[in-house]
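Tertiary structure, described
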Amino acid sequence: MIEKASVLIVDDEEMVITSVRAYLELETNFEVHGFTEPEQAVKFLESNLVDIAVSDYLMPRMSGIQFLTRAKQLQPEATRVLLTGHADKQSAIQAINEVSLYQYVEKPWENAQLLMIIQNGIERAQLLRELRATMSELSTAHSSLKDVQKKLLKAFL
Amino acid sequence: MSQPSNPPEFANELEELRARADSLATQLAQSYKMASIGRLLAGIVHEINTPIGSILSNNQVLYRSLELVKSALANGDKDSLAKANRLVETCLSLIAIDKIACERISDVVRGLKTFARAESSEVRKADLNQQLQDTLKLTQGEFRQRIKVETDWGQIPQVECHGNMLSQVFLNILVNAGQAIQGEGKITVRTRHEGDSVHISIADTGPGIKPEDRPKIFAGGFTTKAVGVGTGLGLALSKKIVEETHGGSLHFESEIGIGTTFHILVPIEQKKKAEG
Ligand SMILES: Nc1ncnc2c1ncn2[C@@H]1O[C@H](COP(=O)(O)OP(=O)(O)O)[C@@H](O)[C@H]1O
Ligand SMILES: [Mg+2]
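What counts, and where the lines are drawn
Residues numbered from 1 in each chain as written. Chains lettered and ligands numbered in written order. Predicted model: local features only at pLDDT ≥ 70, side-chain atom pairs only at ≥ 80, totals over all residues. Heavy atoms only, no water. Helix = DSSP H or I, 4+ residues; strand = E, 2+ residues; numbered from the N terminus. Contact = heavy atoms within 4.5 Å. Areas by Shrake-Rupley, 256 points an atom, 1.4 Å probe, with all protein chains shown as cover. Phe/Tyr/Trp six-rings, centres within 6.5 Å; stacked < 30°, edge-to-face > 60°. Buried < 20%, exposed > 50% of the residue type's maximum accessible area, 1.4 Å probe, protein only. Lys NZ or Arg CZ within 6 Å of the ring centre and 35° of its normal. Patch = residues over 30% accessible without salt bridge, like charges linked within 9 Å, V, L, I, M, F, W, Y side chains within 5 Å. Salt bridge = Lys/Arg side-chain N within 4 Å of Asp/Glu carboxyl O. Lys, Arg positive; Asp, Glu negative; His and termini not counted. Charge placed at Lys NZ, Arg CZ, Asp CG, Glu CD. Nonpolar A, V, L, I, M, F, W, Y, C, P; charged D, E, K, R; others polar. Core = buried A, V, L, I, M, F, W, Y, C linked by side-chain atoms within 4.5 Å.

If you tally the helices and strands in chain B, you get 5 helices and 7 strands. Along chain B, helices (α) and strands (β) appear in the sequence α-α-β-α-β-β-α-β-β-α-β-β when read from the amino end. Put simply, 74% of the contacts in chain B that link residues at least 6 apart link residues at least 24 apart. Accessible surface for chain B amounts to roughly 15,300 Å². Of this, 56% is attributable to carbon and sulfur atoms.

Now the structure itself:
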């Protein structure tokens, strides 16, 4: 059902990316794009569609919330997940409100839980995109109907 | 100190009072130490949870991969063997990650141990470059996001000292530097061998200390920080540890808008306490 899903992971720790990538490659056929520099991940998002963006919270220069805010501007349909190292509920709540976060996961993370969140997140993003595509199809159909209507009106009046 | 001989009962009482005061001072130092670790805890927890997350995840992947390798080997055909090979490569890279992750955890734990150790009255030779590195591990989580730490380790000899006490001094000064820096900034740690001392300097790019505050910062209880953030004890205790306990010196220079540098000088050898 899920088609060539694309997952973006941002964490300033290379080890997190390597571990999550190894797990996802073993259990799924998702495309995994990992970045240790949030700035590079933003560049990637500017020209590549992803279904879900998973970001660390504490990173140098750009926090996870700042990154996910950029991600939301660039690809609003992509699901956003925060991976936090300390049980900092306060910042998670702030994030949920600010970047309409889908989920937050605490480190150390549980692979099965992370996988479920990622799978659901991908499905959600793909459904949202489909919905948007259908809606724009509908509105084109609607406007071409209007055109026909106009022509008919012109022809008969 | 030459004292006029007190009547014995007064001498006893005085002795007892001194011992009580000493033990209170130790308790105060101890609880201050615990409080300063407590404040860094969120950062420390983050520093540890990241490698633990990796190790736990890798453990699962290694297990699954080896199961797959096993069945691929049982199949024995060319495709299966190629797949087994790829899995083994992944496993090897995860094992390398696990090693790094374990080292990261033990670095942090070593940093903590330097503090948790009971105050030893014993003087030992210590590598202060190593101790500073261990202490920086504790502040790393807290600083990570906004403060760049630059280090310049000089060739320094081992120093006879109470290592855990000096680590406490380093932590106090590093935490102050981190708290002083608003937003982004830099802390520079430098060590040098100078004559019969080791010179450690910790410089920050914070706002500097106001001229009217400069004479007060080493006084116990002086703080410009909010309740719950500052206690005003850090520098007073640090001064005592460096100067009274080790016969060294602790001073600073500060410029408004530029930053502050603390200088710690510790003699390489402790003078044998002249007794008798
Ligand atoms: N690096 C620094 N930059 C600016 N001010 C500092 C610095 N270090 C110490 N101070 C000042 O000295 C005061 C006393 O420091 P300290 O004894 O460690 O107590 P505390 O940190 O609990 O306030 C601080 O409140 C602050 O005003
Ligand atoms: Mg302090």
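Next comes the rest of the write-up.
Time to look at the packing of aromatic side chains. All names here are of chain B. One pass over the structure, following the stated rule, counts 4 aromatic pairs over all chains. On the basis of an interplanar angle of 50° and a centroid distance of 5.9 Å, the ring pair of Phe218 and Phe252 is categorised as tilted. In this pair, Phe218 sits in the loop between strand 5 (197-204) and helix 5 (234-245) while Phe252 sits in strand 6 (residues 249-255), placing the two residues 34 residues apart along the sequence. When the ring of Phe218 is compared with that of Phe262, the centres are 6.5 Å apart and the planes differ by 85°; the resulting orientation is edge-to-face. Separated by 44 residues along the polypeptide, Phe218 in the loop between strand 5 and helix 5 and Phe262 in strand 7 (residues 259-267) bring together distant segments of the chain. Residue classification places Phe262 among the buried residues on the basis of a relative accessible area of 6%. Lys239 extends its terminal NZ or CZ atom over the ring of Phe218, reaching a point 4.3 Å from the ring centre.

Another aspect to go through is a positive patch on the surface. A contiguous patch of positive charge on the surface is contributed by Lys146, Lys150, Lys151 and Lys154 of chain A. Secondary-structure assignment places Lys154 of chain A in helix 5 (residues 111-156).

Moving on to the interface of chain A and chain B. Opposite the 23 residues of chain A that make contact, chain B presents 28 residues. In this structure, the salt-bridge partner of Glu27 of chain A is Arg64 of chain B, at a minimum N-O distance of 3.4 Å. The element best represented in the side of chain A that touches chain B is helix 1 (residues 14-27) of chain A, accounting for 8 residues. Split into classes, the residues belonging to the side of chain A that touches chain B amount to 10 nonpolar, 6 polar and 7 charged.

For the rest of this paragraph, the subject is the side chain of Ser65 of chain B. Tracing the backbone through its elements, the reader meets Ser65 of chain B in helix 1 (residues 8-75). Here Ser65 of chain B falls in the buried class, since its relative accessible area comes to 1%. Sequence-distant contacts of Ser65 of chain B, defined by excluding residues within four places in its chain, comprise Leu26 of chain A together with Leu87 and Cys91 of chain B.

Here we come to the nonpolar core. Formed by 35 residues in total, the largest nonpolar core has its most connected members in Val7, Leu24 and Ile118 of chain A. Sorting the residues of this core by element identifies strand 1 (6-10), helix 1, strand 3 (52-56), strand 4 (79-84) and helix 5 of chain A together with helix 1 and helix 2 (78-116) of chain B as the ones contributing at least two each. For this core, the element with the most residues is helix 1 of chain A, which contributes 8 residues. Among all residues touching Ile118 of chain A, those that are not within four sequence positions of it are Val7, Leu24, Phe30, Ile52 and Val54 of chain A.

A few words on unusual backbone geometry. A negative phi holds for most residues other than glycine; trans holds for most peptide bonds. Residues and elements named next belong to chain A. The peptide bond linking Lys107 to Pro108 adopts the cis configuration, its omega dihedral lying at -5°. Examined against the element boundaries, Pro108 turns out to sit in the loop between strand 5 (103-106) and helix 5. Here the phi dihedral of Ser100 falls at roughly 35°; this positive angle occurs in a residue that is not glycine. The topology assignment puts Ser100 in the loop between helix 4 (89-98) and strand 5. We classify Ser100 as partly exposed; its relative accessible area is 33%.

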